[in-house]
Amino acid sequence: MATAPGAPRALELLAGAATGLLAGAAVVALEAAQGMTAGPSALPEAELGVAPLLALSVLAGAVFAAVFRHRPGGLAATVVGGLVAGFIWWVVRSLTLLPLLAGEPLTWSLAEATAAFPFLVGDLLFGGLLGLGLHAFVSLYLRLRPAAARAPEPKGRPPTRVVVLGGGFGGVAVAQGLERRLAGATGVEVTLVSDSNYLLFTPMLAEVASGSLEPRHISAPLRAACPRTVLRRAQVEGIDISARTVWLRETATDPAVPLLYDHLVLALGGVPDYRAIPGLAEHAFALKTLEDAAGLRDHLIGLLERADAETNVEERRRQLTVVVTGGGFAGAELVAELFDLVHGVLHHYPHLERGELRFVLVHSRDRILPEISDGLAAYALAKLRDKGIEFRLSRRVAALDPEEVELDDGERLSTRTLVWTAGNRPHPLLADLPFTRSRAGAVVCDATTQVADTSSVWAVGDCAAIPDPDAPGTDYPTTAQHALREGAVTAVNIAGTLQGRPARPFRYRSVGMLVVLGHQQAVAEIRGLRFSGLTAWLLWRGIYLAKLPGLERKVRVLLDWTLDLFFPRDIVVVPPARRSADLPGGRDQLERAA
Amino acid sequence: MNGAAGRAAVLPGALAGLAGGLVFGAAMVPLGMLPTVASLVRTDAAAVGLVVHLAVAVALGAGLGLLVAGQRSGPGETLFWGLAYGASWWFLGSLTLLPLVGGRPVDWSVAAAQAGFPSLLGHLLYGAVAGLVLALARGRGEGARPTAGVVLRGGLAGLAAVAALVVLLGPGFEPLALSIGMRGRPSGVAAAANALLGLVAGVGFALLYPRPPAAAGPTLVRGTAYGFLLWVVAALTVVPLLEGAGLTWSVSQVRDGFVTLPGYLLLGTAVALLHRTVGRLWRLLFSGPAQRGAEDEGPGARGLRAVGRGAVAGIAGGLLFTVVMVQIGFLGTVAALVGATSDLTGFAVHLAISVVIGASYGLAFRAQTYDPASGLGWGAAYGLLWWVLGAITLLPVLLGGTPQWSAAAAADAFPSLVGHLAYGAGLGLVYHALEARFSPWWLTRSQLESQRVERRREVLLTAAPAVWFVILLVALVIPVVLAAPAGA
């Protein structure tokens, strides 16, 4: 139990009881001398004789010792603590219990207090003597047995180690859930491994790409989100299931170090899936990290700067065309935000005209936003078309080079910016693991988010293929709201496994979906209710602001949005730091900005 | 403790006891208590009584020095240890041992307490002076030195506190009259006297706490206890002496002066609050990150969670208070706050108030309770503070009347006081239970257990238990002794 230094609990109780006896005897004697132990104002227990009174005192002493424990050097605190206990005991016994036992109404009136005042003095004396005696007894014991004052040796059993790989929504949900469930336990250590020291709030990434939010405002420090978790900022090099070891590498040049685990949670997330289309991996932009979003914004503004001075018409058109692949939530939001960005800062560039700007969304199906209903999807398509965004539906990208993109029907769009949001696949590390994987590449799990046929490995989020009982044969979609709740259930199940309780299956029905489509436009579907336009936009902002982790971030994002109302978007581009090759460990970095 | 540390503690303590004894002895002369003391050695002469008294004072002072040897030094801490010590010795010595040694029967009834009330005030003064001198004699320890800036900020805080209170209570009500003697004076004189009182209160508090502790709640409660001390020193002692009325320490005189006590309590609390606010603002604006400690995370950090926990704890305390309220039939009065009369409305209003006050407790006292005892102590103290501010001040004012501060009104409101104490105790305990698993937040689980012990030890080096004791004294002893009819 407690590993606190000091006298053993039993001794404290004994000292309290002994002191209670002595102090009680003294106080009872004084009370008897005043005639307080007989007569109408006496306590009911006094009528039974002195022995029950003393027995009560012994009990009170033991209780006091249990609550106001001995503190080394805290003589004054213990004595005064006893006095305070005497006050409280007087209010509870004389003013409350006594009338209750006598069957009288409880009034706590001054007259009652006046009549009971002598017992207050007695209780105060009793409490003070208790504190004094307890402290004196225990201090004497510790003086005679100094060995007891040292902290006892820690137990030989090492703590159970839970390792969570990945600091995204799923991983942080697991860590926070474990913190809550294992709050008082000291035999478990939870480690979170992430390649960044922050939790990225991905729904607002498109707004960072368009410059309406600052990058740091949508990221919460992991150490603040999970204060009781050990955080390791490192890349996962490899996982050795048989040896229950994870290999970590702090930076590219450091050696790999092992991290042992008893329970492992895979929450590594996904990476863009370029499907071996030529040119994508080298030239396409992704939108998965803060660097992606900030880099995309810098790239676009850099292109505007170049285009403003560009004399070649062909080249200028290429610089002012933006192609986004993928008509899901990320793609639709991004193309609308980038549209607003470029149009919002256009007035700074005198040689550019609106007609020269071109935004194209390429989608492989005939309908964008597949997860929401037909009506809302059609509405969204119409609204985006009205803004001036072009669509290439039922088309795919066939090849990409720095100057143009080729679609599968042969059309070529000349552009210097192609953003890929058309597909993710689970983290490549999963391919090396000896687990069954789904067609998408995620690890197959059972309903409790535990990896099939294991007892100590769990998976959440993009890494996991968890069967959906409401749609048999399919898995839960890989969205942030699913990852959050899967993480919470995994935490419950891991805590349950450690404490001997059965695991709970994961079951979740999506609450709703919200898509923002640029300036004050959005569509939302919440539990069957549909919203569009300004209402949906306010809903989107309100709901996602509430989900943003941390009060400070909420305030900062709210400030950013408020300032956006009054001030134009910023076109300042800060190129990434260039280190000269002479500096140790430095290397030249290519700049994407102009 | 070993001999050297013991000697190091005894000598300053004896000096402090001598100083306190001189002050108490000076008060004993006009009160005519010296012959009683002299009877300990079977004589009647006042001079012998003085010598005996001083001897006892020195011995008790040495005891105080030994008792608080391990506690944190600094006048703000030893002052409260001294107050608690002095008050305890009134119970132990004056009410119990003195009659025993003098061969008289021990008498703990209220009548005896009323007869011995001047002695209680004397003991409190003794304790306060001994505590302050002890701090000086022991050296400042780790406390900050009071600079001119600190004194200036304290004075400003005091003046602002008086101004705020006058605005709150209205010019028509003269509660901050320095003493009852001020009642008849022209308003200009009274205003000047109040300003002087505020200045003295502010500067005094600043000297006690040059660097107020980071937590708001304990500072507030310390201010309340400080207000009580101010009342004893100023309203009951210094001002009557200056006005030539002599030492007005008898129960009947103090009962008349009881009406100024709530004002002083509120003044002390306001001074503490403003001093802390001004000090924190100063540090926020002008001190760098290196000077701020680990606890200075900023007002926004963890606040939401504390508010939530406090609100839940407030409900728990409020339910406890409801039991009292139902018994004394108070719900109708609470309902009158919103213009209704039904008990159910009163219950709803009462719960709403409990939640809000509980949330404020959470904000003020987060990370300040390390075991159930401290939760109980701070909570009960907060309950008393809200009795003074709410039940006898704001409630009557909101219902269209004036603050009910007289001794008779306080006697009528005594059940409400018990209810407030119960509310506070429940609030503090439940809040501690909700917070205990997660505080302090920056430690990993493996460090937690050892740190928990360390923190408990650390917080008990402050005078917090003494502050709780003084508050409970103000709450339970003073009203009972003063408001009970004479000869009860």
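Residues numbered from 1 in each chain as written. Chains lettered and ligands numbered in written order. Predicted model: local features only at pLDDT ≥ 70, side-chain atom pairs only at ≥ 80, totals over all residues. Heavy atoms only, no water.

### A look at helix H15 (residues 551-566) of chain A
Residues and elements named next belong to chain A. Here H15 is 16 residues long and its end C-alpha atoms lie 23 Å apart, about the 22 Å a rise of 1.5 Å per residue gives. Those residues of H15 that sit buried are Arg-553, Val-557, Asp-560 and Trp-561. An end-on view of H15 places all buried positions within 90° of arc, on one side of the element. For H15, the exposed residues lying more than 90 degrees away from the buried face are Leu-565 and Phe-566. (Helix = DSSP H or I, 4+ residues; strand = E, 2+ residues; numbered from the N terminus. Expected span 1.5 Å × (residues − 1). Buried < 20%, exposed > 50% of the residue type's maximum accessible area, 1.4 Å probe, protein only. Arc of directions from axis to C-beta.)

### Description of the state of the cysteines
Residue and element names in this part refer to chain A. For the structure on display, the rule yields zero disulfides over all chains. Just so you know, Cys-226 is unpaired, no disulfide at all, and the nearest cysteine sulfur is the one on Cys-463, 17 Å from it. Here Cys-445 stays free of any disulfide, with the sulfur of Cys-463 as its closest cysteine sulfur at 9.0 Å. (Disulfide = S-S within 2.5 Å.)

### Quick notes on the packing of helix H4 (residues 75-101) of chain B against helix H19 (residues 464-483) of chain B
If you want to describe how two helices pack, look at the angle between their axes and the distance between the axes. All names here are of chain B. It is at 8 Å that the axes of H4 and H19 come closest, and there the two elements cross at 50°. With respect to H19, the element H4 is oriented oblique. With respect to the hand of their crossing, H4 and H19 are arranged in left-handed fashion. Between H4 and H19, the residues in contact are Phe-80, Trp-81, Leu-83, Ala-84, Ala-87, Ser-88 and Phe-91 and Pro-465, Ala-466, Val-467, Phe-469, Val-470, Leu-473 and Val-477, respectively. Tallied by class, residues from the contact of H4 with H19 come to 13 nonpolar, one polar and no charged. (Axes fitted to C-alpha atoms, helices over the stretch in contact; angles between N-to-C directions. Parallel < 35°, antiparallel > 145°, perpendicular 65-115°, else oblique. Left-handed = near helix turned anticlockwise from the far one by under 90°. Contact = heavy atoms within 4.5 Å. Nonpolar A, V, L, I, M, F, W, Y, C, P; charged D, E, K, R; others polar.)

### What to know about the side chain of Gln-450 of chain A
All names here are of chain A. With respect to the helices, strands and loops of the structure, Gln-450 is situated in the loop between strand E19 (443-444) and strand E20 (457-459). In terms of polar contacts, Gln-450 uses its side chain to reach the backbone carbonyl oxygen of Ser-455, at 3.0 Å. Those residues in contact with Gln-450 that sit more than four places away from it in its chain are Cys-445, Ser-455, Ser-456, Val-457 and Trp-458. (Polar contact = N/O pair within 3.5 Å; in protein donor to acceptor, adjacent residues only side chain to side chain.)

### Brief notes about the sheet that holds E20 of chain A
Where strands meet in a sheet, backbone hydrogen bonds hold them as pairs that are either parallel or antiparallel. Residues and elements named next belong to chain A. Strand order in the open sheet formed by five strands is E5-E2-E1-E9-E20, with parallel pairing between adjacent strands. The open sheet has two edge strands with one neighbour each: strand E5 (230-233) and E20. Neighbour-to-neighbour, the strand axes of the sheet open up by a mean angle of 20°, direction not taken into account. Pairing of strand E9 (residues 263-266) with E20 involves three bridges; the strand directions are parallel. (Pairing = 2+ DSSP bridges.)

### Side note on the packing of aromatic side chains
Pairs of aromatic rings are described using the distance from one ring centre to the other and the angle between the two planes. As enumerated under the stated definition, the model contains 21 aromatic pairs over all chains in all. Ring centres of Phe-169 of chain A and Phe-201 of chain A lie 5.9 Å apart, and the angle between their planes is 80°; on these two criteria the pair is classed as edge-to-face. With Phe-169 of chain A in helix H5 (residues 169-181) and Phe-201 of chain A in the loop between strand E3 (198-200) and helix H6 (205-209), the pair connects residues that are 32 residues apart, well separated along the chain. Residues Phe-169 of chain A and Phe-201 of chain A agree in their burial class; the two are buried. Plain terms: the ring middles of Trp-90 of chain B and Phe-91 of chain B are 5.1 Å apart, the flat faces sit at 70° to each other, and that makes the pair edge-to-face. Taking the ring centre of Trp-561 of chain A as reference, the NZ or CZ of Arg-541 of chain A above it sits at 4.1 Å. (Phe/Tyr/Trp six-rings, centres within 6.5 Å; stacked < 30°, edge-to-face > 60°. Lys NZ or Arg CZ within 6 Å of the ring centre and 35° of its normal.)

### Re the sheet that holds strand E16 (residues 412-414) of chain A
Residue and element names in this part refer to chain A. If you walk across this open sheet you meet the three strands as E14-E15-E16, and the pairing is antiparallel. Edge positions in the open sheet fall to strand E14 (397-400) and E16, since each of these has one partner strand only. Across the sheet, the mean angle from the axis of one strand to that of its neighbour is 20°, orientation sign disregarded.

### A word on the confidence of the model for chain B
Residue and element names in this part refer to chain B. Confidence in the prediction for chain B averages 82 pLDDT; 84% of positions are at 70 or higher. Per-residue pLDDT, averaged within each element of chain B, yields its smallest value for helix H18 (residues 445-459) (61) and its largest for helix H14 (residues 343-365) (91). In the predicted assembly, ipTM is 0.86 and pTM is 0.76. (pLDDT = per-residue confidence, 0-100.)

### What about the nonpolar core?
In terms of nonpolar packing, the biggest core is built from 159 residues, with Phe-228, Trp-231 and Phe-469 of chain B touching the most fellow members. Here the element with the most residues in this core is H19 of chain B; it accounts for 18 residues. Excluding residues within four positions of it along the chain, Phe-228 of chain B makes contact with Leu-124, Leu-261, Leu-265, Val-470, Val-474 and Ile-478 of chain B. Of all hydrophobic cores here, the second largest spans 90 residues; its members include Ala-175, Ala-206, Leu-296 and Val-419 of chain A. (Core = buried A, V, L, I, M, F, W, Y, C linked by side-chain atoms within 4.5 Å.)

### Observations regarding the pattern of salt bridges
Residue and element names in this part refer to chain A. Going through the model one piece at a time under the given rule, you end up with 25 salt bridges over all chains. A salt bridge links Asp-298 to Arg-297, with the shortest nitrogen-to-oxygen separation between them at 3.1 Å. The exposure classification of Asp-298 matches that of Arg-297, with both residues buried. Residues Glu-403 and Arg-416 are paired through a salt bridge, measuring 3.4 Å at the closest nitrogen-oxygen approach. In this pair, Glu-403 is assigned in the loop between E14 and strand E15 (404-407) and Arg-416 in the loop between E16 and strand E17 (417-420), connecting sequence segments 13 residues apart. Look at Arg-416 and you get partly exposed, because its relative accessible area is 22%. Here the residues in one salt-bridge network are Glu-314, Glu-315, Arg-318, Glu-403 and Arg-416, joined through shared partners. (Salt bridge = Lys/Arg side-chain N within 4 Å of Asp/Glu carboxyl O.)

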